[in-house]
Amino acid sequence: MNPKLLRKTEIAAFVQSLAPSHTIVAPQPDEGQCSYGVLSNGAQPALDGGRPRKSAKEALYPQKERMFAFEAGAVEPCSVEPEPPLILFGVRACDLKGIEALDTVLLHGAFVDAFYKARREAAAIVGLACEKMCPTCFCNSFGIDPYAPPACDVNLVPAGDAFVAQPLTEKGEALVASLPDADAAHLATARKAGEAFHAAENPKVAVDAFVEAVAEVFESPAWEGIVDGCINCGGCTYVCPTCHCFDIVDETIGHRGQRVRAWDTCMAARFTLHTSGHNPRVTPAQRLRQRILHKFQYMKKNQSILGCTGCGRCVAVCPVNWDIRDAIGRLTEELSTASKA
Amino acid sequence: MTMTMPVMKIASDMNPYAPMPVRIAELSVESAARDTRLFKVEFLKEEDRVRFRHEPGQFAQLSVLGYGEAPISITSSPTQPYIEFCIKRMGEVTQALHNLGEGDAFGIRGPYGNTFPRAMMEGKNIVFVAGGIGLAPLRSLINFMLHPTNRASFANITIIYGARSPGDLLFKSELAEWAKRVDVRYHETVDAAPPDSNYQGKIGFVPTLLDEVAPSSENAVAITCGPPIMIKYVLPGLDKLGFAPENIVTTLEMRMKCGIGKCGRCNIGRHYVCIDGPVFTLAELKNMPAEF
Ligand SMILES: Cc1cc2nc3c(=O)[nH]c(=O)nc-3n(C[C@H](O)[C@H](O)[C@H](O)COP(=O)(O)OP(=O)(O)OC[C@H]3O[C@@H](n4cnc5c(N)ncnc54)[C@H](O)[C@@H]3O)c2cc1C
Ligand code: SF4
Ligand code: SF4
Ligand code: FES
């Protein structure tokens, strides 16, 4: 499929041309940083704003979503009009990988999440390669390469005053069909961007050794040791591209109401609290262990994918500077000595 | 900045979170404390009735719109032509269910979860050990086994059941029938009986009764469910009688929301109680982290 050229000056017009028939989600300026959001008419995506504050999962799996409405004790029948399909425009590689992880949970297994499936199947996803890694991210440790990205329909690679738009699927090819072919000079610049990214010295976290170390050890004082001031606020789970746990709650006004699904966090004590008062996870260490083992052991065994893409958002957002990279290092050391002892 | 996505609508029959409407056909108070009721329900829509096929051990998510949902074992056997739930009033949703009367509607989704491993029970002696509301999930299997078409597939059936007080013994008329049957060895006990009751039976805890009855573990499977404190003493009791962990079956509770393996709430290690459970053998539980 021919690489196409998207000039920076023409991004707004290009996105606009897709807009009438699609809902477009793209990074936008947000208090000095950027966040993914639904693009309003004529707005310019902020493709140079660095890593968006929250992950792109919200577009496919909103923080709060209505499952159905009800009135006077009965579920309201709903007429299903198709929504305009989504275009996720300018999604970072860590978030592409995150979508892959969400797919394994919400699209597969004995039951399918119809809401996620409807959005996901209609969506076109345009990736965006990073020029350099952020100080908190460690996607390289997971073998994620923004220049050979996880599944997406088109990947945008920076090329000076333009992006080279490489279609990767038929859907992607159709999406960028109206753009001119990329010229040799821009292709060369894009190639150099990739080379520079790969040549940069970025520290890595030893993920494989960690996955091996946590495979067998559930009971260990090491878990207590990594709590490190974590106040269980759950902020880390909300910004994470792979965290997918949710609550189901009813909201009512008079006789009318709706049942909604809302993101929840395993870091909260009430997450597992039984009505009897019994709670299988009472301590912060137990809850941190759950968060880490879910990502690095349970998902690996159940879904054959890791629940961390090294996006580093949890590191950036944490009010007490809890750093998953440090925790991985310390746990690897302590758990592997423990299992050898 | 929160992203507001357009509202997605999914037709009810494709929506895994939408309950099917049912009507309470019959309601009975099961316990002296009036905190446990038996709900016999019928589907409001014929297609739901046809589609809903459960096996002993499974549960459903019961929903009262405006209050929420609670996972409840299907206590009726698939050999019975109706669906029953036995519900103890605990919190918000179970209270809302208790506020309903005969003829009122509520919603159910399911059936969910795995089933009692019946294949490994065939031809064996079966020992049921239940305490309190723990009889509710086992009752589905008991009545399945006692049904004329299935009875011959199982050897001796022993039922050991206990409750706090005589008034708290659930399914009383059924207990009386089991006690009368020649092909069932039925034993019951209560923790204590008020002086004014005309209770003639045993007084004591379930684990003690298990020791006394001492069912043989020879070619036998034990199925147990009850409050954690009972299970804590029943398991060593079964072990002493020679039941191997593979031949001890139990059913677990964890806090649940989706019931379909998505919301990430009910796991014990990598296993989700809503889809991999709620039924586990003791051998399986021994391979799982002790986090339940
Ligand atoms: C597989 C399974 C089978 C069950 N079978 C029965 C039964 O046959 N009869 C019966 O009386 N009870 C049963 N329970 C327990 C019953 O689900 C809880 O008592 C009930 O959810 C409490 O809800 P509530 O709204 O009244 O309490 P609240 O505290 O107001 O509710 C909070 C919410 O938390 C969840 N929750 C709280 N405690 C539990 C718990 N122990 N288990 C699961 N979810 C919980 C539910 O989503 C509930 O709606 C079963 C539980 C499970 C997991
Ligand atoms: S953001 Fe930090 S303090 Fe909050 S739960 Fe996560 S690790 Fe703990
Ligand atoms: S755990 Fe942290 S670094 Fe890993 S994907 Fe989630 S937010 Fe990113
Ligand atoms: S109840 Fe949602 S995953 Fe089990």
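Refer to the preceding data block for the structure.
Computed from a predicted structure; not experimentally measured. (Residues numbered from 1 in each chain as written. Chains lettered and ligands numbered in written order. Predicted model: local features only at pLDDT ≥ 70, side-chain atom pairs only at ≥ 80, totals over all residues. Heavy atoms only, no water.)

(A) Region of the structure containing the site of ligand 3. In the vicinity of ligand 3, the contacting residues are Phe-138, Cys-240, Pro-241, Lys-295, Cys-308, Thr-309, Gly-310, Cys-311, Gly-312, Cys-314 and Ile-324 of chain A. The residue makeup of the shell around ligand 3, split by class, is seven nonpolar, three polar and one charged. (Near = heavy atom within 4 Å. Nonpolar A, V, L, I, M, F, W, Y, C, P; charged D, E, K, R; others polar.)

(B) Fine view of the site of ligand 1. Near ligand 1, the surroundings consist of 23 residues, among which Glu-69, Pro-71, Lys-88, Glu-92 and Thr-94 of chain B are the closest. More than one chain approaches ligand 1, the contributing ones being chains A and B. Between Lys-88 of chain B and ligand 1, the recorded distance is 2.7 Å, taken from a backbone N or O atom to an oxygen atom. Between Met-256 of chain B and ligand 1, the recorded distance is 2.8 Å, taken from a backbone N or O atom to an oxygen atom. (Polar contact = N/O pair within 3.5 Å; in protein donor to acceptor, adjacent residues only side chain to side chain.)

(C) Geometry of the pattern of salt bridges. All names here are of chain A. If you walk through the whole model with that rule in mind, you get 39 salt bridges over all chains. When the shortest N-O distance is used, the salt bridge between Arg-261 and Glu-65 registers 3.2 Å. With Arg-261 in strand β11 (residues 256–263) and Glu-65 in strand β4 (residues 64–71), the pair connects residues that are 196 residues apart, well separated along the chain. Take Glu-65: its relative accessible area is 4%, and that puts it in the buried class. (Salt bridge = Lys/Arg side-chain N within 4 Å of Asp/Glu carboxyl O. Helix = DSSP H or I, 4+ residues; strand = E, 2+ residues; numbered from the N terminus. Buried < 20%, exposed > 50% of the residue type's maximum accessible area, 1.4 Å probe, protein only.)

(D) Region of the structure containing the sheet that holds strand β3 (residues 33–38) of chain A. Residues and elements named next belong to chain A. If you walk across this open sheet you meet the seven strands as β1-β9-β8-β7-β6-β2-β3, and the pairing is mixed. Among the strands making up the open sheet, the edge pair consists of β1 (4–7) and β3. Averaged over all pairs of adjacent strands, the angle between their axes in this sheet comes to 30 degrees, without regard to strand direction. In this structure, strand β7 (residues 124–128) lies alongside strand β8 (residues 154–159), joined through three bridges in parallel fashion. Within β8, the position partnered with Val-126 by the bridge is Val-154. Here helix α1 (residues 11–18) sits on the sheet and contacts β1, β2 (23–30), β6 (86–92) and β9 (162–167); the angle it forms with β6, its principal contact strand, is near 150 degrees. Packed onto the sheet, helix α6 (residues 184–199) meets β1, β8 and β9 and runs at close to 95 degrees relative to β8. (Pairing = 2+ DSSP bridges. Axes fitted to C-alpha atoms, helices over the stretch in contact; angles between N-to-C directions. Contact = heavy atoms within 4.5 Å.)

(E) View of the nonpolar core. Phe-296 and Trp-322 of chain A are the most contacted members of the largest nonpolar core, which totals 54 residues. A per-element tally of this core places helix α10 (residues 284–303) of chain A first, with six residues. Beyond its immediate stretch of four places on either side in the chain, Trp-322 of chain A contacts Ile-226, Val-227, Asp-228, Cys-230, Leu-288, Arg-291, Ile-292, Cys-314, Val-315 and Ala-327 of chain A. Among the nonpolar cores identified, the runner-up in size contains 53 residues, and Phe-115 and Met-299 of chain A together with Met-3 and Cys-274 of chain B belong to it. (Core = buried A, V, L, I, M, F, W, Y, C linked by side-chain atoms within 4.5 Å.)

(F) A look at the packing of helix α7 (residues 207–214) of chain A against α10 of chain A. All names here are of chain A. Contact pair α7 / α10: the axes reach a minimum separation of 10 Å and the direction vectors enclose 85 degrees. Regarding the angle of α7 to α10, the classification is roughly perpendicular. Residues Val-207, Phe-210, Val-211 and Val-214 of α7 pack against Ile-292, Leu-293, Phe-296, Gln-297 and Lys-300 of α10. Looking at the contact of α7 with α10 residue by residue, the class counts come to seven nonpolar, one polar and one charged. (Parallel < 35°, antiparallel > 145°, perpendicular 65-115°, else oblique.)

(G) Looking closely at the layout of surface pockets. Of the pockets and cavities examined, the second largest pocket occupies roughly 1,000 Å³. The wall of the second largest pocket is formed by 38 residues, among which Val-75 of chain A together with Ala-18, Pro-19, Met-20 and Pro-21 of chain B lie closest to the centre. When contributions to the lining of the second largest pocket are tallied by element, the ones reaching two or more residues are β5 (74–75) of chain A together with β1 (20–29), α1 (46–51), β3 (59–64) and β6 (105–112) of chain B. In terms of residue count, β6 of chain B provides more of the lining of the second largest pocket than any other element does, seven residues in total. Of the residues contributing to the lining of the second largest pocket, the split by class is 22 nonpolar, 10 polar and six charged. (1 Å grid on protein atoms, 1.4 Å probe; cavity = no way out; pocket = protein on both sides within 12 Å on 5 of 7 lines; lining within 4 Å. Points joined across faces, edges and corners; volume = space filled by probe spheres on them.)

(H) Seen up close, the environment of Leu-86 of chain A. Within the secondary structure, Leu-86 of chain A sits in strand β6. The exposure class of Leu-86 of chain A is buried, given its relative accessible area of 5%. Taking the C-alpha atoms as reference points, Leu-86 of chain A and Pro-180 of chain A, 94 residues apart in sequence, are found 23 Å from one another. Setting aside residues up to four positions removed in sequence, Leu-86 of chain A forms contacts with Thr-23, Val-25, Ala-59, Leu-60, Arg-119, Ala-122, Ala-123 and Ala-124 of chain A together with Met-5 of chain B.

(I) Molecular detail of the interface of chain A and chain B. Each side of the interface is counted separately: chain A has 65 residues, and chain B has 48 residues. Of the roughly 4,900 Å² buried between chain A and chain B on both sides combined, carbon and sulfur atoms contribute 60%. Between chain A and chain B we count six salt bridges in total. Put simply, Glu-291 of chain B and Arg-281 of chain A hold a salt bridge, and the shortest N to O gap is 3.3 Å. Run the count over chain A and chain B and you get 26 residue pairs in polar contact (both at pLDDT 80 or more). (Buried area = accessible area lost by both parts, 1.4 Å probe.)

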